[in-house]
Amino acid sequence: MNHHSSTIVIATTAIAVTLTACSSSKKAAAAAPSGTIVVFAASSLKATFTTLAANFETANSRVKVVTSFGGSDTLAAQITQGAPVDVFAAASTTTMGTVTKTGDAIGTPQVFAKNELEIAVAPGNPLHIAGLTDLTESGVKFAVCAPTVPCGAAETKAFAAARLTPHPVTFEQDVASVLTKLELGEVDAGMVYQTDVKSAGSKVTGVNFPEAASAINTYPIVVVKDAKNPVAADAFVAYVLSATGQAVLHAAGFQQP
Amino acid sequence: MSGRARVPYALLAPAAIGVAFLLLPLAGLLIRAPWQQLPSLIGSSEVRTALRLSLETASAATAIAIVLGVPIAWVLARLEFRGRAVLRALITLPLVLPPVAGGIALLLAYGRRGVVGGTLLKAFGVSLPFTTAAVIVAETFVAMPFLIVSVEGSLRGLDRRFDHAAATLGASRLFTFRHVTLPMLGPGIVAGAVLCWARALGEFGATITFAGSYPGTTETMPLRVYLELQDNPDAAIALSLVLLVVSVAVLAGLRDRWLRL
């Protein structure tokens, strides 16, 4: 009897497995993504999303991913003005809010990465900058983002957490401009993200500071309402959130959501 | 036939389309302007500071452009020498260079580690970036070619026989330039200066790259507009309107004054 029942169990399992395999392959066939999708992503995602798009294309040979990078706010404005976009990945929840508020997104945006501030200095840290306090010392020229852009808002929070009043020489429009000023030697330090320090490689040295924890930036992703290719768009978002996608982001210095 | 028949209608249609093309975005700005909040949006001291800085730096840049640009225009228009075409192309390069690239180029030349800037820092302890002077440098770099091209065009249009007449009457070259060429060139210089000033007033890319952005020292109106656009588009529209009204007022004022000559 015992022997008999185990046979039945095996048979049932086999049938169940066959059924599952069958149904899943059917579902995949029905929803196999194809065509072109347009992905708008924040400038800070340029390197990772270029890789993610290429990997996604390799995994889905019938899909072509067109990426466009810019300031989150600019991209959000373009989306609310009707730009033909399928997926939007923003560098802040506030910016994403402008898109969801106007009803230009499908579903709730999902956070796929986090990023922390870091002080970038010249290679080898010649001025021995160890934290935010050192930036406020006289004679240290440093650049930050303008408070109206996401990186600047985070920096304002970090300085507030440290109870310091910063006196930068310039309020830049984005982290890329901050890095340019540093790499050209015009400033001694610049406040950017950990990912920026990582991608700049040997051109800058990063200095972590504890107050960064109070100003962590989150990156949400969403399928845009007027997406021409919602199937492929969904697949791309799922890919970014998948272990494979997360590995690419992690390698670039992003933190898991 | 009457004078009316002479109107080339074939030119009027594209002209009308062109005017509409240029004015529609301005109309959009006017239509979408947050008129009710306008006073509060533009009344702040930050805006006044940015506007004053813009007007001052654009005027200073124009002054420098006139002092250096008119002689360049004269050289290009009147002197025959090898490489003149190349020189003209090089001088007008800022016209085609993306302003941000122009800003990087300025940093590489006049920055702390720049070709000239490094020497300046060592010899005099002077560092140009992030100062109001840097704004003026950036604006001059981008706007002066407009003046040069405009003045050179006017110079070529002048009747050179006046110069020759002055020369035969014993006038020196400099005397001829100052008392014969320059007065005739007046309207051309004004037109070039106006163009140069307007370009300097709207300068964004080279300024933010070379001079950075700091309220009161380097944050001009276009920089303020861009930064406001990030989180308060209404304020950006309002500021653009201010810039627009001020430039139209100044340009119209200048034209009225100078065209009466």
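Reading the values: rules and limits
- Residues numbered from 1 in each chain as written.
- Chains lettered and ligands numbered in written order.
- Predicted model: local features only at pLDDT ≥ 70, side-chain atom pairs only at ≥ 80, totals over all residues.
- Domains from an automatic or database assignment.
- Pairing = 2+ DSSP bridges.
- Helix = DSSP H or I, 4+ residues; strand = E, 2+ residues; numbered from the N terminus.
- Axes fitted to C-alpha atoms, helices over the stretch in contact; angles between N-to-C directions.
- Contact = placed C-beta atoms within 7 Å.
- Parallel < 35°, antiparallel > 145°, perpendicular 65-115°, else oblique.
- Left-handed = near helix turned anticlockwise from the far one by under 90°.
- Nonpolar A, V, L, I, M, F, W, Y, C, P; charged D, E, K, R; others polar.
- Buried ≥ 20, exposed ≤ 12 C-beta atoms within 10 Å, placed from the backbone.

1. Comments concerning the domain arrangement of chain A
- Taken domain by domain, chain A holds domain 1 (33-115 + 218-251) and domain 2 (117-215).
- Taking the mean C-alpha position of each, domain 1 of chain A and domain 2 of chain A sit 27 Å from one another.

2. A short note on the sheet that holds strand 4 (residues 105-115) of chain A
Residues and elements named next belong to chain A.
- Spatial ordering of the open sheet is given by 2-1-3-10-4, a layout of five strands whose pairing is mixed. Strands at the two margins of the open sheet, each flanked by one partner only, are strand 2 (63-70) and strand 4. On average, each strand axis in the sheet is tilted by 20° relative to the strand beside it, whichever way the strands run.
- Pairing of strand 4 with strand 10 (residues 217-224), which is carried by seven bridges, proceeds in the antiparallel orientation. When the sheet's bridge partners are listed, I106 is paired in strand 10 with V223.
- Running over the sheet, helix 9 (residues 230-241) touches strand 1 (35-42), strand 2, strand 3 (87-89), strand 4 and strand 10 and is turned about 160° from strand 10.

3. Some words on the packing of helix 6 (residues 99-110) of chain B against helix 8 (residues 132-157) of chain B
Residues and elements named next belong to chain B.
- Put simply, helix 6 and helix 8 touch, their axes get as near as 10 Å, and they point 125° apart. Comparing their axes, helix 8 and helix 6 come out oblique. The handedness of the crossing between helix 6 and helix 8 is right-handed. Counted together, P99, G102, G103, L106 and Y110 of helix 6 and V137, A138, F141 and V142 of helix 8 form the full contact between these two elements.
- When the residues that make up the contact of helix 6 with helix 8 are grouped by side-chain class, the tally is seven nonpolar, two polar and no charged.

4. What to know about the interface of chain B and chain A
- Counting residues at the interface gives 15 residues for chain B and twelve residues for chain A.
- Among the elements that make up the side of chain B that touches chain A, the one with the highest residue count is helix 12 (residues 221-231) of chain B (five residues).
- Of the residues belonging to the side of chain B that touches chain A, the class tally is seven nonpolar, four polar and four charged.

5. Side note on the sheet that holds strand 9 (residues 205-207) of chain A
Residues and elements named next belong to chain A.
- Read from one edge of the open sheet, five strands run 7-6-8-5-9, paired in mixed fashion. Whereas interior strands pair on both sides, the edge strands pair on one side only; in this sheet they are strand 7 (170-172) and strand 9. Looking at each pair of strands side by side, their axes are set apart by 35° on average, direction ignored.
- The pairing of strand 6 (residues 142-145) with strand 8 (residues 189-193) spans two bridges and is parallel. Its bridge partner lying in strand 8, A143 is registered against G190.
- In this fold helix 6 (residues 150-161) packs onto strand 5 (117-121), strand 6, strand 7 and strand 8, with an angle of close to 115° to the strand it touches most, strand 6.
- Running over the sheet, helix 7 (residues 175-183) touches strand 5, strand 6, strand 7 and strand 8 and is turned about 145° from strand 8.

6. Remarks on unusual backbone geometry
Residue and element names in this part refer to chain A.
- Here H128, not a glycine, exhibits a phi torsion of approximately 50°, which is positive.
- Topologically, H128 is positioned in the loop between strand 5 and helix 5 (132-135).
- Despite not being glycine, R163 has its phi angle at roughly 55°, a positive value.
- Mapped onto the elements, R163 comes out in the loop between helix 6 and strand 7.
- For R163, a count of 8 C-beta atoms within 10 Å corresponds to the exposed category.

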